Amino acid sequence: MSRPVRRMPWARHEAVRGFTLIEWMITVALLLLLVTLAAPSVRELIATQRLQSIHGALVTDLQFARSEAVRQRRSLRFEVGGNDTMTCYIVFAPGVSGNCLCTRAPGSACNGASEEFRTVQVLRSTGITLSATSSRGPDATFEDISGRSEPGDLRIDLASAVRGQLRVTVNGTGRVSSCSPDGSVRQVARC
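Heads up: these notes are all about the structure in this document.

1. Observations concerning the overall build of the protein
Here is step 1: Within the protein, the regular secondary structure consists of one helix and nine strands.
Here is step 2: Counting from the amino terminus, the protein carries its helices and strands in the arrangement α-β-β-β-β-β-β-β-β-β.
Here is step 3: Within the protein, the fraction of its 191 residues that count as buried is 32%.
Here is step 4: Counting only contacts in the protein whose residues sit at least 6 apart along the sequence, the fraction spanning at least 24 positions is 46%.
Here is step 5: Only carbon and sulfur atoms are counted for the fraction: they give 56% of the accessible area of the protein, which is about 12,100 Å².

Shown next as structure tokens:
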């Protein structure tokens, strides 16, 4: 005589069912849609972070140039330049001979008696560009002892090809300030 099969109440015997091809296709389509919607905002976030990073370095280097001019009791020059592959800036002490170009490799941007302090190069392929204007051109000199800036109207614009604009100004006393011309960068006042 055979014994009847006794089922335990916690054990269920149901058929295991997998995903159908149509369910997989719908899942993949939804994931692709989410990635497509998220990609532009991630791209903008990365571009804004890159812009803010370069802005932070620029402000720090301008303040460094001013403080070093006072500390060393000699004039330091800040100059913006560029070529087809990059925009750049350099902080240097001009000598009686020689010149400095930020498009040369950092560490060898000056020749002659000029002394290089900082060179920053920003590749155009990053989508960030720098441009500078003043009544004298794309440069300013921080005077020894006082740290004053000559001319007193240097304006440096940073722009992202994706999103974001920042402006850094140096007034006659050598003070540095920042703003966002289009208001696109949070935590920075609109110009």
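2. Description of the sheet that holds strand β5 (residues 139-142)
Here is step 1: Pairing in this open sheet of five strands is antiparallel, and the strands run β3-β2-β1-β5-β6 from one edge to the other. The strands lining the two open edges of the sheet, one partner per strand, are β3 (115-123) and β6 (149-150).
Here is step 2: Looking at chain direction, β5 and β6 are connected through two bridges and run antiparallel. Note on β6: the bridge partner recorded for Phe 142 is Ser 149.

3. What about the pairing of strand β7 (residues 153-160)?
Here is step 1: Direction of pairing for strand β4 (residues 128-133) relative to β7: antiparallel, over a ladder of six bridges. When the sheet's bridge partners are listed, Ser 131 is paired in β7 with Asp 157.
Here is step 2: Where β7 and strand β8 (residues 165-171) come together, seven bridges link them in antiparallel fashion. When the bridges of β8 are listed, Ile 156 appears paired with Val 168.
Here is step 3: Linkage of β7 to β8, two consecutive antiparallel strands, is achieved through a turn of four residues, within which Gly 164 is found at a positive phi near 120°.

4. Focus: the state of the cysteines
Here is step 1: Taken as a whole and assessed by the stated rule, the structure comprises three disulfides.
Here is step 2: Here Cys 88 connects covalently by a disulfide to Cys 102, the sulfurs 2.0 Å from one another. In this structure the cystine formed by Cys 88 and Cys 102 twists about its S-S bond by roughly 60°; its chirality is therefore right-handed. With a gap of 14 residues between them, Cys 88 in strand β2 (residues 86-93) and Cys 102 in the loop between β2 and β3 connect regions that are remote in the sequence.
Here is step 3: In this structure Cys 102 comes out as buried when scored by relative accessible area, which is 6%.

5. Here we look at the packing of aromatic side chains
Here is step 1: Enumeration according to the criterion identifies two aromatic pairs in this entry.
Here is step 2: Between Phe 78 and Tyr 89, the aromatic rings sit 5.3 Å apart at their centres with planes inclined by 35°, giving tilted as the arrangement. Of this pair, Phe 78 sits in strand β1 (residues 76-82) while Tyr 89 sits in strand β2, and the two are eleven residues apart along the sequence. With respect to class, Phe 78 is no different from Tyr 89; both count as buried.

6. Describing the environment of Phe 64
Here is step 1: With respect to the element layout, Phe 64 can be found in helix α1 (residues 21-72).
Here is step 2: Looking at Phe 64, the relative accessible area reads 19%, which means it is buried.
Here is step 3: A sequence separation of twelve residues divides Phe 64 from Leu 76, and the C-alpha atoms of the two residues are 10.0 Å apart.
Here is step 4: Ignoring anything within four residues of it in the chain, the contact list for Phe 64 reads Phe 117 and Arg 118.

Definitions and cut-offs
Residues numbered from 1 in each chain as written. Predicted model: local features only at pLDDT ≥ 70, side-chain atom pairs only at ≥ 80, totals over all residues. Heavy atoms only, no water. Helix = DSSP H or I, 4+ residues; strand = E, 2+ residues; numbered from the N terminus. Buried < 20%, exposed > 50% of the residue type's maximum accessible area, 1.4 Å probe, protein only. Contact = heavy atoms within 4.5 Å. Areas by Shrake-Rupley, 256 points an atom, 1.4 Å probe, with all protein chains shown as cover. Pairing = 2+ DSSP bridges. Disulfide = S-S within 2.5 Å. Phe/Tyr/Trp six-rings, centres within 6.5 Å; stacked < 30°, edge-to-face > 60°.

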